[in-house]
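Single-letter residue listing:
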Amino acid sequence: MSLPALDRRTVAALAVAGAAAWPSSARAYCVTETCVSSTCTREEIAQKKPECVTAYYRCDPIETCPSTCEWGQTCLEPPNDKPCTHPPEAKWTCSTIRWNRTCMGYAIHDVGSRYFDLDTIRTTVDEAFAAWANVECPGGGKPGFAVQYMGDVSCGDVEYNVRAGNANMFTFRDDRWPHHPKQIALTTQTFSTVDGEVYNADVEMNTACYQLNPAVSIEPESGGEHDGCDRFGERASSHDFLAVVTHEMGHFLGLSHTAQPAATMVTSFGGLDEPAFRSLEQDDINGICALFPPADVDPVACNPIPRHGFSPECGAEQVAGCSVGGAPRGGGGGAGWLVGLSGAAIAAAARGGRRARREAG
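Residues numbered from 1 in each chain as written. Predicted model: local features only at pLDDT ≥ 70, side-chain atom pairs only at ≥ 80, totals over all residues. Heavy atoms only, no water.

A. Expanded view of the overall build of the protein. Assigned secondary structure in the protein consists of five helices and eleven strands. Counted over contacts in the protein with a minimum sequence separation of 6, partners at least 24 positions apart contribute 72%. Summed over its atoms, the accessible surface of the protein is roughly 14,900 Å², and 54% of this surface lies on carbon and sulfur atoms. (Helix = DSSP H or I, 4+ residues; strand = E, 2+ residues; numbered from the N terminus. Contact = heavy atoms within 4.5 Å. Areas by Shrake-Rupley, 256 points an atom, 1.4 Å probe, with all protein chains shown as cover.)

B. Focus on the nonpolar core. Trp 132, Phe 170, Met 205, Met 249 and Leu 253 are the most contacted members of the largest nonpolar core, which has 50 residues in total. When residues of this core are assigned to their parent elements, the largest contribution, seven residues, is made by helix 4 (residues 241-253). The contacts of Leu 253, once residues within four sequence positions are left out, are Trp 99, Met 104, Phe 129, Trp 132, Phe 145, Ile 288, Leu 291 and Phe 292. (Core = buried A, V, L, I, M, F, W, Y, C linked by side-chain atoms within 4.5 Å. Buried < 20%, exposed > 50% of the residue type's maximum accessible area, 1.4 Å probe, protein only.)

C. Main features of the pairing of strand 1 (residues 30-37). Most of strand 1 is tucked away: eight of the eight residues are buried. The alternating pattern of strand 1 places Cys 30, Thr 32, Thr 34 and Val 36 and Val 31, Glu 33, Cys 35 and Ser 37 on opposite faces, both of which are buried. Strand direction decides the pairing type here: strand 1 and strand 3 (residues 92-96), joined by five bridges, are antiparallel. Of the residues in strand 3, the one forming a bridge with Val 36 is Thr 93. (Pairing = 2+ DSSP bridges.)

D. Just the pattern of salt bridges, in detail. Under the defined criterion, the tally for this structure stands at five salt bridges. A salt bridge links Asp 126 to Arg 122; its shortest N-O distance comes to 3.5 Å. Here Asp 126 and its partner Arg 122 are both found in helix 3 (residues 118-133), four residues apart, which amounts to about one turn of the helix. Residue Arg 122 is classed as partly exposed on the basis of its relative accessible area, which comes to 36%. One salt bridge connects Asp 240 with Arg 278, and the closest N-O pair in it is separated by 2.7 Å. Of the two residues, Asp 240 sits in the loop between strand 8 (198-205) and helix 4 while Arg 278 sits in the loop between strand 9 (268-269) and helix 5 (282-291), which places them 38 residues apart along the sequence. Looking at Arg 278, the relative accessible area reads 38%, which means it is partly exposed. (Salt bridge = Lys/Arg side-chain N within 4 Å of Asp/Glu carboxyl O.)

E. Here's a closer look at unusual backbone geometry. Backbone geometry places His 308, a non-glycine residue, at a positive phi of 70°. With respect to the element layout, His 308 can be found in the loop between helix 5 and strand 10 (339-342). Accessibility expressed as a relative area gives 24% for His 308, which makes it partly exposed.

F. Structural detail: the side chain of Asn 166. Following the sequence through the fold, Asn 166 ends up in the loop between strand 5 (146-153) and strand 6 (169-172). Taking the relative accessible area as the measure of exposure, Asn 166 reaches 2% and is therefore buried. A polar contact of 3.3 Å, which involves the side chain of Asn 166, links it to the backbone oxygen of Ala 164. Dropping the residues within four chain positions of it, Asn 166 is found in contact with Glu 159, Tyr 160, Asn 161, Asn 200, Pro 306, Arg 307, His 308, Gly 309, Phe 310 and Ser 311. (Polar contact = N/O pair within 3.5 Å; in protein donor to acceptor, adjacent residues only side chain to side chain.)

G. Highlighting the packing of helix 3 against helix 4. Relative orientation of the contacting elements helix 3 and helix 4 amounts to 60°, with a least axis distance of 9 Å. When the axis of helix 3 is compared with that of helix 4, the two are oblique. Between helix 3 and helix 4 lies a crossing of right-handed hand. Across the interface between the two elements, Thr 124, Val 125, Glu 127, Ala 128, Phe 129, Ala 131 and Trp 132 from helix 3 touch Phe 241, Leu 242, Val 245, Thr 246, Met 249, Gly 250, Phe 252 and Leu 253 from helix 4. Among the residues forming the contact of helix 3 with helix 4, the class breakdown is eleven nonpolar, three polar and one charged. (Axes fitted to C-alpha atoms, helices over the stretch in contact; angles between N-to-C directions. Parallel < 35°, antiparallel > 145°, perpendicular 65-115°, else oblique. Left-handed = near helix turned anticlockwise from the far one by under 90°. Nonpolar A, V, L, I, M, F, W, Y, C, P; charged D, E, K, R; others polar.)

H. A look at helix 5. Of all ten residues making up helix 5, seven are buried, and the element is well covered by its neighbours. Listed in full, the buried residues belonging to helix 5 are Asp 283, Asp 284, Ile 285, Gly 287, Ile 288, Cys 289 and Leu 291. On its buried face, helix 5 is in contact with strand 1, strand 3, helix 3 and helix 4.

I. Seen up close, the packing of aromatic side chains. Inspection of every chain in the model, using the stated rule, returns ten aromatic pairs. Look at Phe 116 and Phe 172: their rings are 5.8 Å apart centre to centre, the planes differ by 40°, and that puts the pair in the tilted class. Here Phe 116, found in the loop between strand 4 (103-109) and helix 3, pairs with Phe 172, found in strand 6; they are 56 residues apart in sequence, far enough to count as distant. Judged by centre distance (5.7 Å) and plane angle (65°), the rings of Phe 170 and Phe 172 are edge-to-face. What makes Phe 172 buried here is its relative accessible area of 7%. Between the NZ or CZ atom of Arg 307 and the centre of the ring of Tyr 199, over which it lies, the distance is 4.2 Å. (Phe/Tyr/Trp six-rings, centres within 6.5 Å; stacked < 30°, edge-to-face > 60°. Lys NZ or Arg CZ within 6 Å of the ring centre and 35° of its normal.)

In structure tokens form, the structure reads like this:
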């Protein structure tokens, strides 16, 4: 499901503003937070009024908002009056965008890619998730989450269905890239503006513009001037597939871009050392362990079924009884379709991005 161009432009503006305001000393993992103004009604929030719903980046352990204020101070007028005080004094209530469950499932679009077979795709995604799941957290233990493969799905749309089954889908855009041409990949999360709970996450790989399999050259769509690729030399640059997927799985799990240059979640990376980003640095480890504190989670026994059930078909194609499984644990809350982004990918090397959609559950 494509989003209005206005929403995407709003996203980019939020991303640039947040990045510019990060303290220069920030060298720590970042998360995105959703903020709701206490002065607005639920109806106004659902109408996505900009003065009622916003998002910003928070980098730990730097306890400053991405503006000029600090905790306990009064912030500026919207949209810069982010929650720099705690309730009940705070004008804005802020929640970290995160999964409120310890078991997630993912699926692969069954058309695969002309550059990778389905087995290779699944093996790579599993290896990327394992990189995050198997780290040793500070103080001991592994991050408290598990991810299960739910199968191949016929739906390749980025969507979240409130009244139908869902799938956290992984897909390849071999013929046309509908987003910013300098993005190698994009992860879209749908979440509640009320409490920040992630409902769904879909990952798109830009194989229309970039070579992710060094053994197979990309094949531009006929009339390539319309394939969405950059016209100034970005086409066909080669990047490490596993490194890019590992970065996107960090977004899938909830992390934003970091200012730590050696971390896998850095905004951009590339060059001969790109395979080094397949493994995680301490900054990445600190971030994933903060989102999922150490706990024992059985990857076989846990429930990966998405919210509102799982279905291999797109929402418009589903009929009553099509989805399977129950809705996982989750909070409710209204919100609109306002879009937030974790990092516009506009650097000159390999990069990934995260786009977040807020809506009702």
